[in-house]
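Below are the chains, spelled out letter by letter.
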Amino acid sequence: MANNAQIPSKSSALIAMIADEDTVTGFLLAGVGNVDLRRKTNYLIVDSKTTVKAIEDAFKEFTTKEDIAIVLISQYVANMIRFLVDSYNKPVPAILEIPSKDHPYDPTHDSVLSRVKYLFSAESVASGRR
């Protein structure tokens with residue numbers, strides 16, 4: 001328990017987003033958006049012109065900022081940088097893959113769900129239940 005990750009003790013932590021325009025707009029209307037003093041936003045709108053490098057850079061930036069607690073990423077965008085998403089292993093910020101209106105959710109590609117399945121299968125093997 002000495003290695004627990006802690007969310008900064010400020011009064012709030014942010015949610016970052018990497019998704020299509022409709023998904024980001026919905027969350028911005030719900031109050032998730034933020035612009036810091038350097039004019040950096042906590043979201044990236046992905047469209048057909050967005051490069052994989054830009055998505056990778058945003059993911060790396062959001063997962064290293066101390067004021068972000070959750071990174072929401074559309075599953076089809078996460079598939080573009082699957083190697084980064086799967087190799088990310090810190091508890092904070094948490095990475096959550098969400099569906100978008102044009103791309104349905106596929107549980108076989110969800111990194112969080114696959115880790116949970118692995119933990120439960122390992123637990124059932126360890127306890128002798130299978």
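Source: prediction; values computed, not measured.

Here is what the cut-offs are and how they apply
Residues numbered from 1 in each chain as written. Predicted model: local features only at pLDDT ≥ 70, side-chain atom pairs only at ≥ 80, totals over all residues. Heavy atoms only, no water. Helix = DSSP H or I, 4+ residues; strand = E, 2+ residues; numbered from the N terminus. Pairing = 2+ DSSP bridges. Axes fitted to C-alpha atoms, helices over the stretch in contact; angles between N-to-C directions. Contact = heavy atoms within 4.5 Å.

*Asks:* Would you explain unusual backbone geometry in this entry?
*Replies:* Note that the residue after Val92, namely Pro93, is joined by a cis bond; omega there is 0°. Looking at the element boundaries, Pro93 is found in the loop between helix 4 (82-87) and strand 4 (94-98). Here the phi dihedral of Arg39 falls at roughly 65°; this positive angle occurs in a residue that is not glycine. Take Arg39: it is sitting in the loop between helix 1 (21-29) and strand 2 (43-45).

*Asks:* Even after reading the chapter, I still don't get the sheet that holds strand 3 (residues 68-74), so can you show me in this structure?
*Replies:* In a beta sheet, neighbouring strands pair by backbone hydrogen bonds and run either parallel or antiparallel. Ordered in space as 2-1-3-4, the four strands form an open sheet in which the pairing is parallel. Pairing within the sheet leaves two strands with one partner each, and these edge strands are strand 2 and strand 4. Neighbour to neighbour, the strand axes of the sheet diverge by 20° on average, direction disregarded. Taken together, the five bridges between strand 1 (residues 14-19) and strand 3 define a ladder with parallel strand orientation. Pairing of Ile18 across the sheet is with Ile73, part of strand 3. The strands touched by helix 1 within the sheet are strand 1, strand 2, strand 3 and strand 4, with strand 1 carrying the most contacts at an inclination of about 160°. Sitting on the sheet, helix 2 (residues 52-64) is in contact with strand 1, strand 2, strand 3 and strand 4, with an inclination near 170° to strand 1.

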